[in-house]
Structures are given as C-alpha cells and as structure tokens.
Amino acid sequence: MIAPPDRKPLPRAFFDRPVLQVAPDLLGRILVRATPDGPIAVCLTEVEAYDGPNDPGSHAYRGRTARNDVMFGPAGHVYVYFTYGMWHCMNLVCGPEGTASAVLLRAGEVVEGAELARERRVSARNDKELAKGPARLATALGVDRALDGTDACAAGETPLRMLTGAPIPSDQVRSGPRTGVAGDGGNGDVHPWRFWVADDPTVSPYRAHVPRRRRS
C-alpha cells in the first residue's frame, strides 16, 4: 500500500541548505496555490538549480539588481521573473541569506484543482501538459510578478505554500544539463543541474540553448 502524500508545510530549514541539496529533494513535494476559487496543487517532477555568483547561468551571477533582489534571501521565498516579454517563471530561494541561490520549478503534475488550471491553460491537450514546462506551470497556477517575494513557509494564509508531499527515491531521480542555458552555464558536464523524475510524462523535453537572431 502506497502512503498518501504528507500535507504538512515544509519548514524554512528545508530551504536553508545548499542549492544542489534542495533541488533534487523538491521532487515529489507539493506546491499549493491559494485562489479565490479554491486551491491548485502541483506535485513537482522537474527542477533546475542556480547557484548565484558561482554560476554563469544564474540571474545573480553579476550581482544584485532590482529584478533579482529576492534571490538573495531569506530562504523559502518565491522569486518570480518575466521572460521573452510574455511568460512568468517561478523559483524557490534557498541557501544562507545573501547567497542568491534558487531552484527553478520546471514542471509538475496538477494533483488538485485541475479544473481551475485548465481555465488558465486552455491550449493544453491533456492534463499532463497543464504544468509541463516552467512558463506553463506558472500560468496554470496564476503566478506573476505580483507574487515575487511571497514567503512559501509563512504561517497562516499565504498564496503559495510548499508541502512535504512524497519525496522521490534517489534511484528514480535523473540529472542532466539545464534547458536553454547559454555559454558555460549550459555545459552539462560542469552544470548537470536539471533534476527530474525518471519516465514521468509531465517532465518537459530538453532543449539546448539556441541564440536569438536579430531582425534585419
């Protein structure tokens, strides 16, 4: 008999660890988005680690800015950024305050509130695609820059909360190069920092970085 997922909130101490410990340990955990129409919950199946000044793929590689300020802590807060002029992506900040490390939430399975997620993801062909990719995950949950800085470990009411869920056994976790990261940050030999649940249908396909061409 498989035990049901644990619905207790993850403590802040869970996130106050090195990013490469936190990232694979987030697989199988449950992210809950509170909305006026009811909760939407996603069981995480794919993540990527970003390690601040030690990582050329990180938004914080060149230091602190207004955009990446939340990445510098404290741990357990949500960092949301806007990309390609149309999409939002969300991360969970981890490590000691000031280190600017975070885990990008790349994909998951909607395990509660699928009908609400479908209203936001009308182009999804099936429920496995509702949160298959970081922008799709944020869209399904209705996450935008207004939620940047949300404390996912706060007591009481909070729009985003991480629950214990059911951690994935290490022999079912896979790792490889991060998706779409340019330069040294995309070197899978140096940064095999994308982690996913083996053979899970909600995991997004890997895509190497492709330079954007300037319009003539």
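I will try to describe carefully the structure that is included in this document.

Quick notes on the rules
Numbering of residues begins from 1 in every chain and follows the order in which that chain's sequence is written. Thresholds applied to this predicted model are a pLDDT of at least 70 for local features of residues and 80 or more for the giving and counting of side-chain atom pairs; totals over whole chains, interfaces and linings are not thresholded and use all residues. Heavy atoms throughout the structure, all of them, feed into the side-chain values; hydrogens and water do not. Numbering of helices and strands starts at the N terminus; helices are DSSP runs of H or I of at least 4 residues and strands are runs of E of at least 2. As defined in this context, the radius of gyration uses C-alpha atoms, and a globule is described by 2.2 Å times the residue total to the power 0.38. The cut-offs for exposure are 20% and 50% of the maximum accessible area for each residue type, with area from a 1.4 Å probe on protein chains only; residues under the lower value are buried, those over the upper are exposed, and the others partly exposed. Two residues qualify as a contact provided that any one of their heavy atoms is within 4.5 Å of a heavy atom in the partner residue. Only the protein chains shown count as covering a residue, and every accessible area follows the Shrake-Rupley method with a 1.4 Å probe. For the charge count, each Lys or Arg is scored as positive and each Asp or Glu as negative, with His and the chain ends excluded. Charged groups are reduced to one reference atom each: NZ for lysine, CZ for arginine, CG for aspartic acid, CD for glutamic acid. Only Phe, Tyr and Trp rings are paired, with Trp represented by its six-membered ring, and only when their centres lie within 6.5 Å; those with planes under 30 degrees apart are stacked, over 60 edge-to-face, the remainder tilted. Two limits define a charge over a ring: the Lys NZ or Arg CZ must be within 6 Å of the ring centre, and within 35 degrees of the ring normal. Any Lys or Arg side-chain nitrogen located within 4 Å of an Asp or Glu carboxyl oxygen qualifies as a salt bridge. Using protein atoms alone on a 1 Å grid, points that fit a 1.4 Å probe yet trap it form a cavity, whereas open point sets bounded by protein on both sides within 12 Å along at least five of seven lines form a pocket; residues with an atom within 4 Å of a point count as lining. Grid points are joined across faces, edges and corners, and a volume is the space filled by probe spheres set on the points.

**Quick word on the overall build of the chain**
Phase 1 of the analysis: Counting its regular elements, the chain contains four helices and nine strands.
Phase 2 of the analysis: The N-to-C order of helical and strand elements in the chain reads β-α-α-β-β-β-β-β-α-α-β-β-β.
Phase 3 of the analysis: Its C-alpha radius of gyration of 16 Å places the chain within 12% of the 17 Å reference for a compact globule of 216 residues.
Phase 4 of the analysis: When each of the 216 residues of the chain is scored for burial, the buried share is 51%.
Phase 5 of the analysis: Residue pairs at least 24 apart in sequence account for 63% of intrachain contacts in the chain once pairs closer than 6 positions are excluded.
Phase 6 of the analysis: Roughly 10900 Å² of accessible area belongs to the chain as shown, and the carbon and sulfur atoms make up 52% of that amount.
Phase 7 of the analysis: Taking the average place of the 27 positive charges on the side chains of the chain and the average place of its 25 negative ones, the gap between the two points comes to 6 Å.

**Re the packing of aromatic side chains**
Phase 1 of the analysis: In the structure shown here, the tally under the stated rule is two aromatic pairs.
Phase 2 of the analysis: Consider the rings of Phe 14 and Phe 15, whose centres lie 5.0 Å apart with planes at 75°: the pair is edge-to-face. Across the pair, Phe 15 and Phe 14 agree in class, each one buried.
Phase 3 of the analysis: Measuring from centroid to centroid gives 5.7 Å for Tyr 79 and Tyr 81, while their planes differ by 40°, and the two rings are tilted.
Phase 4 of the analysis: With relative accessibility at 12%, the residue Tyr 81 sits in the buried group.
Phase 5 of the analysis: Cation over ring: Arg 17 sits above Phe 14, and NZ or CZ is 4.6 Å from the ring centre.
Phase 6 of the analysis: For Arg 194, the ring lying beneath its charged end belongs to Trp 196, and the centroid distance is 4.1 Å.

**So, the pattern of salt bridges**
Where side chains of opposite charge bring their charged atoms close, a pairing between them can arise.
Phase 1 of the analysis: In this structure the tally under the stated criterion is 14 salt bridges.
Phase 2 of the analysis: Measuring nitrogen to oxygen at the nearest pair gives 2.7 Å for the salt bridge that ties Asp 69 to Arg 64.
Phase 3 of the analysis: For Asp 69, a relative accessible area of 35% corresponds to the partly exposed category.
Phase 4 of the analysis: In this structure, the salt-bridge partner of Asp 148 is Arg 145, at a minimum N-O distance of 3.3 Å.
Phase 5 of the analysis: You can call Arg 145 partly exposed: its relative accessible area is 35%.

**With respect to the environment of Arg 7**
Phase 1 of the analysis: With respect to the helices, strands and loops of the structure, Arg 7 is situated in strand β1 (residues 6-9).
Phase 2 of the analysis: Between the C-alpha atoms of Arg 7 and Thr 179, which are 172 residues apart in sequence, the distance is 30 Å.
Phase 3 of the analysis: Those residues within four positions of Arg 7 in sequence are excluded, and the remaining contacts are Ile 30, Val 32, Glu 112 and Leu 163.

**Some points on the side chain of His 77**
Phase 1 of the analysis: Inspection of the secondary structure puts His 77 in the loop between β3 (40-51) and β4 (78-83).
Phase 2 of the analysis: His 77 sits in the buried class, given a relative accessible area of 15%.
Phase 3 of the analysis: If we ignore the near neighbours within four places in the chain, the residues touching His 77 are Arg 12, Val 70, Asn 91, Leu 92, Val 93, Gly 149, Thr 150, Asp 151 and Ala 152.

**Points about the layout of surface pockets**
Phase 1 of the analysis: Size it by volume and the largest pocket reaches roughly 1100 Å³.
Phase 2 of the analysis: Every residue lining the largest pocket is counted, 41 residues in all, and those nearest its centre are Tyr 84, Cys 89, Arg 106, Pro 134 and Thr 179.
Phase 3 of the analysis: Elements with a minimum of two residues in the lining of the largest pocket: β3, β4, β5 (87-94), β6 (101-112) and α4 (134-141).
Phase 4 of the analysis: Of all the elements, α4 adds the most residues to the lining of the largest pocket, at four residues.

**So, the environment of Asn 54**
Phase 1 of the analysis: With respect to the element layout, Asn 54 can be found in the loop between β3 and β4.
Phase 2 of the analysis: In the structure, Asn 54 is positioned 131 residues away from Gly 185 in sequence and 10.0 Å away in space, judged by C-alpha atoms.

**Some points on α4**
Phase 1 of the analysis: For α4, the tally of buried residues reaches six of eight residues, placing the bulk of the element in the interior.
Phase 2 of the analysis: Those residues of α4 not exposed but buried are Pro 134, Ala 135, Leu 137, Ala 138, Ala 140 and Leu 141.
Phase 3 of the analysis: In this structure, the buried side of α4 is in contact with β2 (30-33), β3, β5, β6 and α3 (114-120).
Phase 4 of the analysis: Where α4 terminates, the next one or two residues include Gly 142, which has phi positive at roughly 65°.

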